[in-house]
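# Report on the structure
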Amino acid sequence: MLVDSHAHLDFVDDLKELLDRANGAGVSKIVTIGTSIECSKKCIEIAEKYSSDDLQIYATCGIHPEDGKADVGKYGDQLMSELGKVAKSSKKVVGIGECGLDYFLDSSGQRPDTSEQEKQFQRKLFGEQIRLAADLDLPLVVHCRNGWGEIFDLISKSQASNSKLCGVFHSWTGNVEAMDKALNLGFYISFSGIVTFKNAKDIQEVARKAPNGQVLVETDSPFLSPESLRGKKNAPENVRIIASFLSKIRNQSFDDIVTATSSCAQKLFNLW
Ligand SMILES: [Zn+2]
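Residues numbered from 1 in each chain as written. Predicted model: local features only at pLDDT ≥ 70, side-chain atom pairs only at ≥ 80, totals over all residues. Heavy atoms only, no water.

### Observations concerning the overall build of the protein
- Along its length, the protein carries ten helices and eight strands.
- Since a compact globule built from 272 residues should have a radius of gyration of about 19 Å, the 17 Å found for the protein is in line with a globular shape.
- The dimensions of the protein, computed from C-alpha atoms along their principal axes, are 45 × 40 × 40 Å.
- Sequence separation of 24 or more characterises 73% of the internal contacts of the protein that already satisfy a separation of 6 or more.
- A total of about 12,300 Å² of accessible surface is found on the protein, and carbon and sulfur atoms cover 48% of it.
- Measuring between centres, the 32 positive side-chain charges of the protein sit 2 Å from its 37 negative side-chain charges. (Helix = DSSP H or I, 4+ residues; strand = E, 2+ residues; numbered from the N terminus. Rg over C-alpha atoms; globule rule 2.2 N^0.38 Å. Contact = heavy atoms within 4.5 Å. Areas by Shrake-Rupley, 256 points an atom, 1.4 Å probe, with all protein chains shown as cover. Lys, Arg positive; Asp, Glu negative; His and termini not counted. Charge placed at Lys NZ, Arg CZ, Asp CG, Glu CD.)

Set out below in structure tokens:
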């Protein structure tokens, strides 16, 4: 059975119907991802309310560098203790994040590049969540746009004092060189619908080379629909399309991909 390791179920109106469809498509576990304090609480509520024998839902708690930003002003110095409190409030919480670096480097001139001040702010917020994950002995769900060198640096420095620190780079968009670094840190790589895009050659190369023992699949729904459904709202059932794409380009059977990615997700998040 498939695991969708990264979805945003708090965006969904008719959750019951969506979960039935996911289960019908062979999905047995979904991790719904927190991006702010309120969102993290909602994810826990969803995991507690909608889990069933056929489909278990788990939650993560985190402050996203863009979407969770307002919480920094709202909670100030208390933000991490508040996040820790929420994370400890339910057995359904299996990770810290999504958190990380979201740097904008624009070539079209539509939006200015991320300023040094903003970068410092994001580094601090990420560093605090790395420490929280280590304190709570939970894996990190990492979001990275254009900050690879810095993100690897921050993680490897933290591992010097917390050797058990582990996690996943969600919705992978890096090249093979970045993959090697991520794998050397003992982190997992999770492929979303982006890997199926026609122009995603670098990411597909990573998807061919990444070892079975460190690969997850996810939808990041309702965002990032796979190539065949672009423009439509994404849903956890489409994790099947990503697994099937991986099976083709990796030359492995669909069942092997399902087994490998599901056991990686179970191991990383300690799913029961
Ligand atoms: Zn996400």
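### Quick word on the nonpolar core
- Counting 75 residues, the largest nonpolar core has Leu 9, Phe 126, Leu 140, Phe 169, Trp 172 and Phe 191 as the members making the most contacts within it.
- Those residues in contact with Trp 172 that sit more than four places away from it in its chain are Trp 148, Ala 178, Met 179, Ala 182, Ile 189, Ser 190, Phe 191, Ile 203 and Val 206.
- Counting residues in each nonpolar core, the second largest holds 14 residues, with Val 31, Tyr 58, Tyr 188 and Leu 216 among its members. (Core = buried A, V, L, I, M, F, W, Y, C linked by side-chain atoms within 4.5 Å. Buried < 20%, exposed > 50% of the residue type's maximum accessible area, 1.4 Å probe, protein only.)

### Remarks on helix α9 (residues 239–250)
- For α9, built from twelve residues, the straight-helix expectation of 16 Å at 1.5 Å per residue is met to within 8% by its first-to-last C-alpha distance of 16 Å.
- Buried within α9 we find Val 239, Ile 242, Ala 243, Phe 245, Leu 246, Ser 247, Ile 249 and Arg 250.
- Buried positions along α9 lie against β1 (2–7), β2 (27–32), β7 (188–191), α8 (201–209), β8 (215–217) and α10 (254–269).
- Taken from the residues just after α9, Asn 251 is the one with a positive phi, measuring 60°. (Expected span 1.5 Å × (residues − 1).)

### Let's talk about the coordination of the zinc ion
- All of the protein donors around the zinc ion are His 6 (NE2), His 8 (NE2), Glu 98 (OE) and Asp 220 (OD); their distances to the metal are 2.2 to 2.4 Å.
- In this structure, the zinc ion is coordinated by four donor atoms arranged in irregular fashion, with angles at the metal of 83 to 175°.
- Each donor residue of the zinc ion belongs to the same chain, with the gaps between them written as H-x1-H-x89-E-x121-D. Taken together, the residues span a long stretch of sequence, with His 8 in the loop between β1 and α1 (15–24) and Asp 220 in the loop between β8 and α9 at a distance of 212 residues. (Donors = N, O, S within 2.8 Å, 3.2 Å for Na, K, Ca; no water. Tetrahedral: all angles 85-135°; square planar, octahedral: opposite > 155°, others 65-115°.)

### Details of the packing of α8 against α9
- Between α8 and α9, the shortest axis-to-axis distance is 9 Å and the interhelical angle comes to 75°. One way to sum up the angle between α8 and α9 is to call them roughly perpendicular. Contact with α8, carried on its side by Gln 204, Ala 207 and Arg 208, involves Phe 245, Leu 246, Ile 249 and Arg 250 of α9 and no other residues of that element.
- Its residues placed into classes, the contact of α8 with α9 shows four nonpolar, one polar and two charged. (Axes fitted to C-alpha atoms, helices over the stretch in contact; angles between N-to-C directions. Parallel < 35°, antiparallel > 145°, perpendicular 65-115°, else oblique. Nonpolar A, V, L, I, M, F, W, Y, C, P; charged D, E, K, R; others polar.)

### What to know about α8
- Within the sequence span of α8, burial applies to Ile 203, Gln 204, Val 206 and Ala 207. Projected down its long axis, α8 carries its buried residues within an arc of 155°, all on one side.
- Residues of α8 that are buried make contact with α7 (176–184), β7 and α9. (Arc of directions from axis to C-beta.)

### Concerning the sheet that holds strand β3 (residues 56–61)
- Taken in spatial order, the eight strands of this open sheet run β1-β2-β3-β4-β5-β6-β7-β8, and their pairing is parallel. The open sheet has two edge strands with one neighbour each: β1 and β8. Averaged over all adjacent pairs, the angle separating strand axes in this sheet is 30°, with direction ignored.
- Across four bridges, the pairing between β1 and β2 is parallel. (Pairing = 2+ DSSP bridges.)

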